[in-house]
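# Tertiary structure, described
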Amino acid sequence: MEFDLVVIGAGPGGYTAAIKATQLGMKTAIVEKGKNLGGTCLNVSCIPSKALLYSSELFHEAQHGFKSHGIKAEGVTMDVAAMMKRKDGVVRKMARGIDYLMNKNGIEHVSGFGRIVNAGEVEVTGGEAARTLKTKRILIATGSSVSGLPFLEFDGETVLSSDHAIALGQVPESMIVIGGGAIGLELGSVWARLGTKVTVVEFLPRIAAIFDEDITHALQKLLQKQGLKFHLGTGVESAEKTKTGIKLKATKGDKSMELEAEKVLVAVGRKPNTDGLDATEAGVELDERGRIRTDAEWQTNVPGIYAIGDVIAGPMLAHKAEQEAVAAVERMAGKAGRVNYDTIPWVIYTAPEVAAVGLTEAEAKEKGHEVSVGAFPFQANGRAVAGAHADGLAMVIADKATDRVLGAQILSANASELIAEAVLLMEFDGSAEDLARTIHAHPTMSEGLREAAHMAMGEPLHI
Ligand code: FAD
Ligand code: NAD
């Protein structure tokens, strides 16, 4: 029997591709080496981290936020084991959902490690029995895994990756987080809220550098209020284990410093998963960073072998992998699949959340746009003040000449949801005026984004 498509890797890229392919009439198999379907995203990243962020935020609110509402919650304690059990339950529930979708769509799940023999064959080992799958096409969706630092070997006890930091059995007394990006800020927040003294060491002069400078400065101040400490522009150079944890030597400019903690979380990025896949042996080209090189239809240089998600270039985000999955399979079926890389939203799920789409003000200027920017503080938004989450701001960046929205940045509670409106607006090439004239329910946080659009037009209403 020959498949129309064999997908290697069952993360959000791989399983979405398999569903789309069967919907378009392709006989499809999905090969996954892990115990559960769902990939990194469901098993050890997007979903478990969000479960912990939610639990820890509730705990933090009970300790620090309830009082202003008149709620007395003295002596609130955290049962870490129960929090982890809930997180594992969330993952199990969602994994069952993916099993259901595979069955419903008649997708063959082949358990084991996939290796490309050639453009028409995938060998699967390590499952129940070794098998070679014959196929018309192969889609590589093997994702990414943690990258470390040469002098800090992960041991799961003192030197942690995100995989370990989402599964600790108790609250560490102190933690150094190397890397002030998405993982460092999210998992640093989780443990800081539960009582760990968290120090973030970031190489660049600011945290979360993909976001607008005003937004990240405001975010840093708010995280500092929550107890996180930051050493920016600082590089860690060496490490030494101590009786109680770890001692790191770092430098900031010409100053050197020593930092000590019970644990260190290394969150300095991720690398594409190609080990053992034998893609290069099958003739597939990699780029200079070891990612699989693809063309505009997500096909590699070897006809019939495609790749999507974290294993190729672009932001390492689940929704990017998913969108590429649909478009790549549509292209295989002769349809006009497409991904608009200019409108991929980014979110970091701190409290408040930070979310963005499109260009920052600085990027827009670098690209030669004369811009008009509206920045509306949530302190002037009724819903935000009523809900006691008025920290943050919404920004709209528009082209001055055409009024077309080039980007939006939001720092607020639920920014992850609010950004969707700006994404849709940009997808339709909308203007600041389109956003400003769109009716928003009152009182809502979404009015904050509309107000930012009014400001970008030079016609502020509520400020
Ligand atoms: P993956 O999810 O990595 O899945 C690849 C799958 O392929 C894995 O199951 C792996 O076991 C399997 N595999 C690999 N090689 C083989 C092989 N040879 N044979 C068989 N199977 C194989 N992104 C977001 O958009 N939102 C978030 O909130 C978010 N939070 C994150 C939090 C953390 C802590 C981390 C680490 C990442 C987070 N990400 C988030 C990024 C997100 O996890 C990835 O972008 C996403 O998982 C990529 O999807 P993918 O399908 O390309 O690969
Ligand atoms: P990242 O690229 O977001 O951040 C890594 C940070 O580490 C950067 O700020 C970088 O300057 C810094 N850094 C690198 N080397 C360093 C060093 N030696 N010393 C100090 N700082 C150093 O990477 P991440 O946080 O590891 O996350 C990996 C990927 O997972 C990201 O691409 C991200 O897209 C994805 N992710 C997404 C989410 C989300 O969507 N909410 C959450 C977590 C992870």
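Rules used in this analysis
Residues numbered from 1 in each chain as written. Chains lettered and ligands numbered in written order. Predicted model: local features only at pLDDT ≥ 70, side-chain atom pairs only at ≥ 80, totals over all residues. Heavy atoms only, no water. Pairing = 2+ DSSP bridges. Helix = DSSP H or I, 4+ residues; strand = E, 2+ residues; numbered from the N terminus. Contact = heavy atoms within 4.5 Å. Domains from an automatic or database assignment. Buried area = accessible area lost by both parts, 1.4 Å probe. Buried < 20%, exposed > 50% of the residue type's maximum accessible area, 1.4 Å probe, protein only. Right-handed = clockwise from strand over helix to strand, strands pointing away. Near = heavy atom within 4 Å. Polar contact = N/O pair within 3.5 Å; in protein donor to acceptor, adjacent residues only side chain to side chain. Areas by Shrake-Rupley, 256 points an atom, 1.4 Å probe, with all protein chains shown as cover. Nonpolar A, V, L, I, M, F, W, Y, C, P; charged D, E, K, R; others polar. Patch = residues over 30% accessible without salt bridge, like charges linked within 9 Å, V, L, I, M, F, W, Y side chains within 5 Å. Salt bridge = Lys/Arg side-chain N within 4 Å of Asp/Glu carboxyl O. Lys, Arg positive; Asp, Glu negative; His and termini not counted. Charge placed at Lys NZ, Arg CZ, Asp CG, Glu CD. Axes fitted to C-alpha atoms, helices over the stretch in contact; angles between N-to-C directions. Expected span 1.5 Å × (residues − 1). Left-handed = near helix turned anticlockwise from the far one by under 90°.

## A look at the sheet that holds strand β8 (residues 159–160)
- Ordered in space as β8-β15-β9-β10-β11, the 5 strands form an open sheet in which the pairing is parallel. Looking at the sheet topology across the chains shown, the edges are occupied by β8 and β11 (229–231).
- As paired strands, strand β9 (residues 174–178) and strand β15 (residues 263–266) are joined by 4 bridges and run parallel to one another. Looking at β15, one finds that methionine 175 is bridged to lysine 263.

## Some thoughts on the side chain of serine 55
- Checked against the element boundaries, serine 55 lands in helix α3 (residues 46–64).
- Setting aside its immediate chain neighbours within four residues, serine 55 contacts Met78, Met83 and Arg86.

## Remarks on the domain arrangement of the protein chain
- Assigned domains within the protein chain: domain 1 (2–145 + 271–341), domain 2 (159–268) and domain 3 (352–456).
- Once you take the C-alpha centre of each, domain 2 and domain 3 turn out to be 29 Å apart.
- Contacts between the two partners involve 7 residues from domain 2, matched on the other side by 12 residues from domain 3.
- Across the domain 2/domain 3 interface, buried area totals approximately 920 Å², and carbon plus sulfur atoms make up 74% of it.
- For domain 2, the biggest contributors to the area lost against domain 3 are Phe211, Asp212 and Ile215; these three give 54% of the whole.

## Side note on the pairing of β9
- Among the 5 residues that make up β9, 5 are buried, leaving the element largely enclosed by the rest of the structure.
- Of the two faces of β9, the one lined by Ser174, Ile176 and Ile178 and the one lined by Met175 and Val177 are each fully buried.
- Pairing geometry for β9 and strand β10 (residues 197–201), over 5 bridges, is parallel. Bridge pairing in β10 places isoleucine 178 opposite valine 201.
- What joins β9 to β10 is helix α6 (residues 182–193), and the crossover it makes is right-handed.

## Side note on the site of ligand 1
- With respect to spatial proximity, 36 residues lie near ligand 1, and among them Glu32, Thr40, Ser45, Lys50 and Gly114 are the closest.
- Within the side chain of serine 45, an N or O atom sits 2.7 Å from an oxygen atom of ligand 1.
- Between alanine 318 and ligand 1, the recorded distance is 2.8 Å, taken from a backbone N or O atom to an oxygen atom.
- Burial of ligand 1 by the protein amounts to 93% of the accessible area it has alone, namely 990 Å².
- If you list the elements that add at least two residues to the shell around ligand 1, you get α1 (12–23), β2 (28–32), α2 (39–43), α3, β4 (113–118) and α8 (318–332).
- Split by residue class, the shell around ligand 1 holds 15 nonpolar, 16 polar and 5 charged.

## Overview of the environment of threonine 132
- Mapping threonine 132 onto the fold places it in strand β6 (residues 131–140).
- With relative accessibility at 44%, the residue threonine 132 sits in the partly exposed group.
- Setting aside residues up to four positions removed in sequence, threonine 132 forms contacts with Glu121, Val122 and Glu123.

## So, the site of ligand 2
- In the vicinity of ligand 2 lie 20 residues, with Ile183, Glu186, Glu202, Gly269 and Val347 positioned nearest.
- Take isoleucine 183: an N or O atom from its main chain is 2.9 Å from an oxygen atom of ligand 2.
- Within the complex, 77% of the 830 Å² of free accessible area of ligand 2 lies under protein.
- Broken down by secondary-structure element, the contributors of at least two residues to the shell around ligand 2 are α6 and β18 (346–348).

## With respect to a positive patch on the surface
- Judged by side-chain charge, Lys35, Lys85, Arg92, Lys93 and Arg96 come together as a positively charged surface patch.
- Tracing the backbone shows arginine 92 in helix α4 (residues 80–104).
- Under the relative-accessibility criterion, arginine 92 is labelled partly exposed at 48%.

## Observations regarding the sheet that holds strand β12 (residues 234–241)
- Reading across from one edge, β12-β13-β14 is the order of the 3 strands in this open sheet, with antiparallel pairing throughout. In this open sheet, the two edge strands, each paired with only one partner strand, are β12 and β14 (255–261). Sheet twist, expressed as the mean angle between neighbouring strand axes with direction ignored, is 25 degrees.

## Structural notes on α4
- Here α4 contains 25 residues, and its C-alpha end-to-end distance of 36 Å stays within 8% of the 36 Å for a straight helix at 1.5 Å per residue.
- Among all positions of α4, only Val80, Met83, Met84, Lys87, Val91, Ala95, Ile98 and Met102 are buried.
- Against α1, β2, α2, α3 and α6 lie the buried residues of α4.
- Positive backbone phi, at 70 degrees, marks glycine 106, one or two positions downstream of α4.

## A word on the packing of α3 against α6
- At a minimum axis distance of 9 Å, the contact between α3 and α6 shows a crossing angle of 35 degrees. Here α3 and α6 pass one another in a crossing that is left-handed. Contacts between α3 and α6 involve Ser49, Lys50, Leu52, Leu53, Ser56, Glu57, Phe59, His60 and Gln63 from the former and Glu186, Leu187, Ser189, Val190 and Arg193 from the latter.
- Split into classes, the residues belonging to the contact of α3 with α6 amount to 5 nonpolar, 5 polar and 4 charged.

## Looking at the pattern of salt bridges
- For the coordinates displayed, the defined rule picks out 20 salt bridges.
- Between glutamate 324 and lysine 320 there is a salt bridge whose closest N-O contact spans 3.1 Å. In this pair, glutamate 324 and lysine 320 both sit in helix α8, 4 residues apart, roughly one turn of the helix. Pair check on accessibility: glutamate 324 and lysine 320 agree, each one buried.
- Among the salt bridges present, the one from arginine 450 reaches glutamate 451, with a minimum N-O distance of 3.7 Å. When sorted by exposure, arginine 450 lands in the same class as glutamate 451, which is buried.
- When salt bridges with common partners are traced through the structure, they connect Arg115, Glu123 and Asp278 into a single cluster.

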